[in-house]
Amino acid sequence: MTKSIARVAVATALLVSAVGSAAPLAQARTQEHRGDLLALTPVSDLTPAQVSGFLKDAGVDSATVRYGVRGYRVTYRTITPQGTPTTATGLLVLPADGRHRRPDLVADTHGTMVDRDYAPSVGEDYGRLSPYLHASAGRAVAAPDYLGLGQGPGRHPYMDTASSVSAALDMLRATRTAARELGRPLSGDVYGTGFSQGGQVAMALGKALGQGADAHFRLKALAPVSGPYDLAGQEVPALFDGRVNDTSGVLYLAYWLTAQNRLRPLYDGAGEAFRAPYDRVVDGLLDGSHTEEEILGALPGKVKDLLTPGFYQRLQHPRGALLAAMRDNDHTCDWKPAVPVRLYTATGDTDVPIANTLSCVRQLAAHGKKAPVVDQGAVDHNGAFKKSGPQIVRLFDSVAGTA
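Quick look at the structure, then. Source: prediction; values computed, not measured.

**Examining the packing of aromatic side chains**
- A full pass over the atoms with the stated rule returns 8 aromatic pairs.
- One aromatic cluster is present, built from ring pairs that chain together Tyr126, Phe195 and Phe385.
- Of note, Arg139 hangs over the ring of Tyr191, and the distance from its end group to the ring centre comes to 5.1 Å.

Here's what the structure looks like:
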């Protein structure tokens with residue numbers, strides 16, 4: 001049986017001397033408790049051979065595996081997109097090797113997931129490949145589930161970069177506490193990576209850490225894979241010019257539109273955006289309780305058949321709230337990192353075309369940062385991740401001087 005280590009926050013008495021001070025004090029309390037560890041639950045314990053088998057079964061090179069791993073579900077305090085208190089979960093993985101008393105930390109942000117039970121802290125599946133890969137090489141790994149996935153409440157605000165970063169940053173804080181309680185205090189050095197949606201989050205989290213979001217963490221390197229860094233300029237246009245395959249296009253677009261519409265109105269009623277009969281089912285399908293297969297089985301095979309003619313045209317020429325929803329998430333590469341950055345992608349990727357990565361390269365270059373690109377060639381989206389993961393482990397080793 002697994003055990004849950006419950007934690008109770010200590011309440012602090014605050015005197016409110018004026019009516020107008022209540023809101024600032026409530027906001028201060030929210031900020032004060034962000035990242036508090038609420039529970040720590042063991043979820044996995046693998047030998048080196050088991051880690052190698054897990055990776056090999058998924059088609060990932062296991063040559064960098066040196067240690068077994070122990071995984072824990074971390075439950076912690078964070079905030080919603082609106083800034084109100086909530087909780088979230090994530091996966092902490094430690095190398096099962098007592099010599100690593102103060103391991104470095106890898107912040108690993110996962111790709112698109114529609115089923116909350118598929119998230120890293122819950123499912124022994126694809127979301128654990130990268131965490132196990134890095135932990136078995138000797139580093140601690142913090143892999144947030146994001147809001148509304150795993151065992152966190154509510155629905156996932158898909159592709160809302162700001163809340164993904166706040167959840168990821170608070171996961172790092174909770175991980176720091178958890179590692180200390182497990183007798184494995186962290187060094188404070190952080191290496192950032194992520195895949196697909198998580199590639200974009202990794203760049204944004206790196207920006208936050210690089211700008212001093214938390215003095216306990218020192219960013220050392222960034223190595224994201226196939227992130228949708230340019231929605232307005234590349235990813236959304238690619239839905240209409242054939243660079244994104246139809247199946248992925250339908251899933252991503254349905255997920256993005258329904259999630260973003262909850263954050264800001266993009267359409268008045270589902271029937272304005274989605275054709276019948278899909279307008280009656282699309283939002284419910286993306287509530288976090290359905291599998292990818294169930295969702296795709298209930299939706300059409302092409303983007304053009306999913307959307308109304310008017311909304312199909314609006315997406316090709318976005319303006320107003322629709323364009324703002326894209327551009328708000330298109331600045332993750334618009335800064336100058338002070339650490340090594342290497343971007344991984346693939347020309348064969350028809351989920352997140354390589355042009356997204358090239359846009360990121362141009363944004364970084366505009367700030368004077370040169371970021372090498374590793375093109376994995378004629379492999380698909382998941383293939384880009386599988387080839388890149390072990391290479392990123394070796395990159396982090398070289399930066400840390402442990403190669």
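Now that the structure is up, let's keep going.
**Quick notes on unusual backbone geometry**
- Omega for the bond connecting Ala276 with Pro277 falls within 30 degrees of zero, at 5°, which places this linkage in the cis form.
- Mapping Pro277 onto the fold places it in the loop between helix 8 (270-273) and helix 9 (282-285).
- Unlike most non-glycine residues, Met159 shows phi in positive territory, near 60°.
- Within the secondary structure layout, Met159 lies in the loop between strand 5 (140-144) and helix 4 (161-181).
- Positive phi, close to 60°, is recorded for Ser196, a residue that is not glycine.
- One can find Ser196 in the loop between strand 6 (189-195) and helix 5 (197-210).
- The exposure class of Ser196 is buried, given its relative accessible area of 4%.

**A few points about the state of the cysteines**
- Under the criterion given, the structure shown has 1 disulfide.
- Here Cys333 connects covalently by a disulfide to Cys360, the sulfurs 2.0 Å from one another. Residues Cys333 and Cys360 are joined through a disulfide that is left-handed, its torsion about the S-S bond being -95°. Here Cys333, found in the loop between helix 13 (320-327) and strand 8 (343-345), pairs with Cys360, found in helix 14 (residues 355-366); they are 27 residues apart in sequence, far enough to count as distant.
- The buried category is assigned to Cys333, whose relative accessible area is 0%.
- Its relative accessible area of 0% is what places Cys360 among the buried residues.

**Notes on the nonpolar core**
- By size, the foremost hydrophobic cluster in this structure holds 42 residues, and its most contacted members are Trp256, Leu257, Leu299, Leu307 and Leu315.
- At the level of secondary structure, the elements contributing two or more residues to this core comprise helix 6 (231-238), helix 7 (246-263), helix 9, helix 11 (303-306), helix 12 (309-316) and helix 13.
- Among all residues touching Leu257, those that are not within four sequence positions of it are Leu266, Tyr267, Phe274, Leu307, Phe311, Leu315 and Leu322.
- Core analysis: the next-biggest nonpolar cluster, separate from the first, contains 41 residues, Leu105, Ala140, Leu172 and Val341 among them.

**Thoughts on the pairing of strand 7 (residues 218-225)**
- Counting buried positions along strand 7 yields 6 of 8 residues, so the element is predominantly enclosed.
- In this sheet, strand 7 lies alongside strand 6 in parallel orientation, the contact comprising 7 bridges. Its bridge partner being in strand 7, Gly194 is matched across the sheet by Pro224.
- Each parallel crossover has a hand, and for strand 6 linked through helix 5 to strand 7 it is right-handed.

**Brief notes about the environment of Glu272**
- Take Glu272: it is sitting in helix 8.
- Accessibility expressed as a relative area gives 30% for Glu272, which makes it partly exposed.
- The sequence separation of Glu272 and Phe311 amounts to 39 residues, and the corresponding C-alpha distance is 7.1 Å.
- Contact partners of Glu272, with chain neighbours within four places excluded, come to Tyr267, Thr308, Phe311 and Arg314.
- Of note is the side chain of Glu272, whose polar atom sits 2.6 Å from the backbone nitrogen of Asp268.

**Description of empty space enclosed by the protein**
- Per the stated rule, a full pass over the model turns up 3 cavities of 30 Å³ or more.
- As for the largest cavity, its lining consists of 14 residues, and the residues nearest its centre are Tyr158, Leu231, Glu235, Tyr252 and Trp256.
- Put simply, the parts of the chain that give the lining of the largest cavity at least two residues each are helix 6 and helix 7.
- Residue composition of the lining of the largest cavity, by class: 10 nonpolar, 3 polar and 1 charged.
- Considered as a void within the structure, the second largest cavity measures approximately 50 Å³ in volume.
- For the second largest cavity, the full set of lining residues is Val114, Gly148, Leu149, Arg155, His156, Tyr255, Arg262, Leu286, Asp287 and Gly288.
- Counted by class, the lining of the second largest cavity contains 4 nonpolar, 3 polar and 3 charged residues.

**Thoughts on the side chain of His110**
- Along the polypeptide, His110 turns up in the loop between strand 4 (105-109) and helix 3 (129-135).
- According to the relative accessible area criterion, His110 is buried, its value standing at 5%.
- There is a polar contact of 3.0 Å between the side chain of His110 and the backbone oxygen of Asp145.
- Each residue touching His110, except ones within four places of it in the same chain, is listed here: Pro120, Pro144, Asp145, Tyr146, Leu149, Phe195, Gln197 and Gly198.

So, how was this worked out
Residues numbered from 1 in each chain as written. Predicted model: local features only at pLDDT ≥ 70, side-chain atom pairs only at ≥ 80, totals over all residues. Heavy atoms only, no water. Phe/Tyr/Trp six-rings, centres within 6.5 Å; stacked < 30°, edge-to-face > 60°. Lys NZ or Arg CZ within 6 Å of the ring centre and 35° of its normal. Helix = DSSP H or I, 4+ residues; strand = E, 2+ residues; numbered from the N terminus. Buried < 20%, exposed > 50% of the residue type's maximum accessible area, 1.4 Å probe, protein only. Disulfide = S-S within 2.5 Å. Core = buried A, V, L, I, M, F, W, Y, C linked by side-chain atoms within 4.5 Å. Contact = heavy atoms within 4.5 Å. Pairing = 2+ DSSP bridges. Right-handed = clockwise from strand over helix to strand, strands pointing away. Polar contact = N/O pair within 3.5 Å; in protein donor to acceptor, adjacent residues only side chain to side chain. 1 Å grid on protein atoms, 1.4 Å probe; cavity = no way out; pocket = protein on both sides within 12 Å on 5 of 7 lines; lining within 4 Å. Points joined across faces, edges and corners; volume = space filled by probe spheres on them. Nonpolar A, V, L, I, M, F, W, Y, C, P; charged D, E, K, R; others polar.

Any functional reading would require information beyond the geometric quantities listed.
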